[in-house]
Amino acid sequence: MSVTSLPLKPLAAALLSLAAATAQADVGLFSTGLDASGNVLAIGAVDPHYQLIDGTPVYGVNDAAGFPGYWLAPSSSSKWITVQVDGGGYAADLGAGATFVFRTQFDLSGYDTASASLDGQVTADNQVVDVLLNGQSLGVSWGSYSSFASFVASSGFVAGINTLDFIVENYSGPTGLRTELSGHFTALPVPEPASLLLLSAGLAGLALRRRRAG
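Residues numbered from 1 in each chain as written. Predicted model: local features only at pLDDT ≥ 70, side-chain atom pairs only at ≥ 80, totals over all residues. Heavy atoms only, no water.

Turning our attention to the overall build of the protein. When its secondary structure is counted, the protein shows 3 helices and 10 strands. Here the protein holds 214 residues, and 36% of them are scored as buried. Partitioning the intrachain contacts of the protein with sequence separation of at least 6 by distance along the chain shows that 70% fall at a separation of at least 24. Counting every atom, the protein has about 11,600 Å² of accessible surface; 58% of that belongs to carbon and sulfur. (Helix = DSSP H or I, 4+ residues; strand = E, 2+ residues; numbered from the N terminus. Buried < 20%, exposed > 50% of the residue type's maximum accessible area, 1.4 Å probe, protein only. Contact = heavy atoms within 4.5 Å. Areas by Shrake-Rupley, 256 points an atom, 1.4 Å probe, with all protein chains shown as cover.)

In total, this model carries 6 aromatic pairs according to the counting rule given. Between the aromatic rings of Tyr111 and Phe185, the centroid separation amounts to 6.4 Å while the plane-to-plane angle is 75°, which identifies the pairing as edge-to-face. Separated by 74 residues along the polypeptide, Tyr111 in the loop between strand S4 (96–107) and strand S5 (117–125) and Phe185 in the loop between strand S10 (176–184) and helix H3 (193–213) bring together distant segments of the chain. Judged by relative accessible area, which is 14%, Tyr111 ranks as buried. The class of Phe185 is buried, set by a relative accessible area of 8%. (Phe/Tyr/Trp six-rings, centres within 6.5 Å; stacked < 30°, edge-to-face > 60°.)

Time to look at the pairing of S4. Direction of pairing for strand S1 (residues 46–52) relative to S4: antiparallel, over a ladder of 2 bridges. Within the sheet, the bridge partner assigned to Leu52 lies in S4 and is Phe102. Bridge analysis of S4 against strand S9 (residues 161–172) gives 11 bridges, and the strand direction is antiparallel. When the bridges of S9 are listed, Phe102 appears paired with Phe166. (Pairing = 2+ DSSP bridges.)

The next point concerns unusual backbone geometry. Negative phi values dominate among residues other than glycine, just as trans dominates among peptide bonds. Residue Asn126 follows Asp125 across a cis peptide bond; omega there is 5°. Note on placement: Asn126 falls in the loop between S5 and strand S6 (127–133). Not every positive phi belongs to a glycine, and Asn134 is a case in point at roughly 50°. Residue placement: Asn134 occurs in the loop between S6 and strand S7 (136–137). Its relative accessible area of 24% is what places Asn134 among the partly exposed residues.

A few words on the pairing of S10. With respect to burial, S10 is a largely interior element, 7 of its 9 residues being buried. Pairing of S5 with S10, which is carried by 9 bridges, proceeds in the antiparallel orientation. Across the sheet, the residue bridging to Gln121 is Glu180, located in S10.

Glancing now at the pattern of salt bridges. One pass over the structure, following the stated rule, counts 2 salt bridges. Note that Arg178 is salt-bridged to Glu180, the shortest N-O span being 3.8 Å. For the pair Arg178 and Glu180, a shared accessibility class is recorded, and that class is buried. (Salt bridge = Lys/Arg side-chain N within 4 Å of Asp/Glu carboxyl O.)

What follows covers the side chain of Asn162. Note on placement: Asn162 falls in strand S9. With relative accessibility at 0%, the residue Asn162 sits in the buried group. Here Val158 takes part through its backbone oxygen, which lies 2.8 Å from a polar atom of the side chain of Asn162. Non-local contacts of Asn162, meaning those with residues more than four positions away in its chain, are made with Thr104, Gln105, Phe106, Leu108, Asn134, Gly156 and Phe157. (Polar contact = N/O pair within 3.5 Å; in protein donor to acceptor, adjacent residues only side chain to side chain.)

What follows covers the environment of Gly173. You can see Gly173 is positioned in the loop between S9 and S10. Considered as a pair, Gly173 and Asn126 are 47 residues apart in the sequence and their alpha carbons are 9.3 Å apart.

Let us now look at the confidence of the model for the protein. Mean pLDDT over the protein works out to 84, with 75% of the residues at or above the 70 mark. Per-residue pLDDT, averaged within each element of the protein, yields its smallest value for helix H1 (residues 8–27) (54) and its largest for S7 (98). Ignoring residues within four places in sequence, the model shows residues 13–22, a span with pLDDT below 50, making 1 contact including any to other chains. (pLDDT = per-residue confidence, 0-100.)

Next up on the list: the nonpolar core. Among soluble globular proteins, nonpolar side chains are generally buried collectively. One finds Phe102, Phe106, Leu118, Val122 and Phe166 to be the most contacted residues of the largest nonpolar core, which totals 30 residues. Contributing elements (two or more residues each) for this core: S1, S4, S5, S6, strand S8 (149–153), S9 and S10. Filtering out sequence-adjacent residues up to four positions away, Phe166 remains in contact with Tyr50, Phe100, Val101, Phe102, Thr104, Val122, Asp130, Val131, Phe151, Leu177, Thr179 and Leu181. By size, the runner-up hydrophobic cluster in this structure holds 6 residues, among which are Val61, Trp71, Leu72 and Ala91. (Core = buried A, V, L, I, M, F, W, Y, C linked by side-chain atoms within 4.5 Å.)

Now the structure itself:
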């Protein structure tokens, strides 16, 4: 009997890809319009990973049915979200123009922030004014809602909660945001048991010396 195995390089690439996907889910980084399992939301459902900067919830909408030929066509990777839906669960006509800030957060506790990076795509109705990582501009400006603009962040990450803000300007009618995000995060090494024992012994010795000195 012969055993078939993947060549080393493809196998290594597959393992790295799996590790990256796991890390992305672990830190809570999601594209728009997805539920906790990564499936697209039902029409009109609240997006659990995005909200307006003031805490107002946002909703998944069906762009194909609501705006055929205008908003970028749907996929299994992401879905449009909006600030207000009508009775059918579609993006509502907001009337006068306004600026909206959509926010999502992810947690890099236990990850190496120095080597972290993020790849993204974004589109909005009417336009993307900017994308901010922890308050710092990523220099994104995009005026089409039928295609994506790409962006990359390779610095500016912090240990703990990180914030991405998408600033969207709407002129009239409905507004919406759609993003696809992919992160590359490396977990910090966990101290070996021997190192932990040495640390514990050192701390105990230090405490004993302080008691004697006192």
